[in-house]
Every structure is written in structure tokens, then in C-alpha cells.
Amino acid sequence: MRVPTVFPSLCGYRPEWLRADLVAGLTVWAVLIPESLAYASIAGVSPVVGLYAIRQGGPRG
């Protein structure tokens, strides 16, 4: 009997990729958070709105 995979897209993931993926994720986070706070401030809305905008993914969703 085959056990269903929770994340089928991770079937081909190699453990040696993990470090580079973590560095990439932290790099994007380090740029995106301050940028979203700044854009919200420029727009005259609460900085929290900028954080929500990150979650929504922008116009392309």
C-alpha cells in the first residue's frame, strides 16, 4: 500500500538544496519587509497595510 504524499512537489527535493533555499528566503524577507513598510508609509497608510500587501501578493496575486 502506498502512503499519500503531503507535498507532492517535494518528492524530487534534495537535502543539499536546503541551505541555499534558506539563504534565498531570508534574503527576500530582509528586502521585502522594510520595502513594504516604506511603501505603506509613502502611501500614507499604516505600515501594517504594507505587510498585508505582501501576503496578498500584489496585483498578479
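Concerning a nonpolar patch on the surface
So, point 1. Judged by side-chain polarity, Val6, Phe7, Leu10, Tyr13, Trp17, Leu18 and Leu22 come together as a nonpolar surface patch covering roughly 720 Å² of accessible area.
So, point 2. Note that Leu22 resides in helix α1 (residues 18–43).

Looking at the environment of Leu37
So, point 1. Structurally, the position occupied by Leu37 is in helix α1.
So, point 2. Distance in space between the C-alpha atoms of Leu37 and Ala53 is 9.8 Å, their sequence separation being 16 residues.
So, point 3. Non-local contacts of Leu37, meaning those with residues more than four positions away in its chain, are made with Pro47 and Leu51.

Focus on the side chain of Ser36
So, point 1. Note that Ser36 resides in helix α1.
So, point 2. Residue contacts for Ser36: discarding those within four places in its chain leaves Gly50, Leu51 and Ile54.

Calculation rules
- Residue indices follow the written sequence of each chain, beginning from 1 at its first position.
- Thresholds applied to this predicted model are a pLDDT of at least 70 for local features of residues and 80 or more for the giving and counting of side-chain atom pairs; totals over whole chains, interfaces and linings are not thresholded and use all residues.
- With hydrogens and water stripped out, all remaining heavy atoms of the structure feed into the side-chain values.
- What makes a patch is a set of residues exposed beyond 30% relative accessible area and free of salt bridges, joined within 9 Å when like-charged and within 5 Å when nonpolar (Val, Leu, Ile, Met, Phe, Trp, Tyr).
- Computed with a 1.4 Å probe, the accessible areas rest on the Shrake-Rupley method; for each residue, only the protein chains presented here act as cover.
- A side-chain nitrogen of Lys or Arg and a carboxyl oxygen of Asp or Glu constitute a salt bridge if their distance falls within 4 Å.
- Note on conventions: DSSP H or I runs of at least 4 residues are helices, E runs of at least 2 residues are strands, and numbering of each starts at the N terminus.
- Contacts: residue pairs with any heavy atoms within 4.5 Å of one another.

All quantities given are derived from atomic positions and should not be read as evidence of function.
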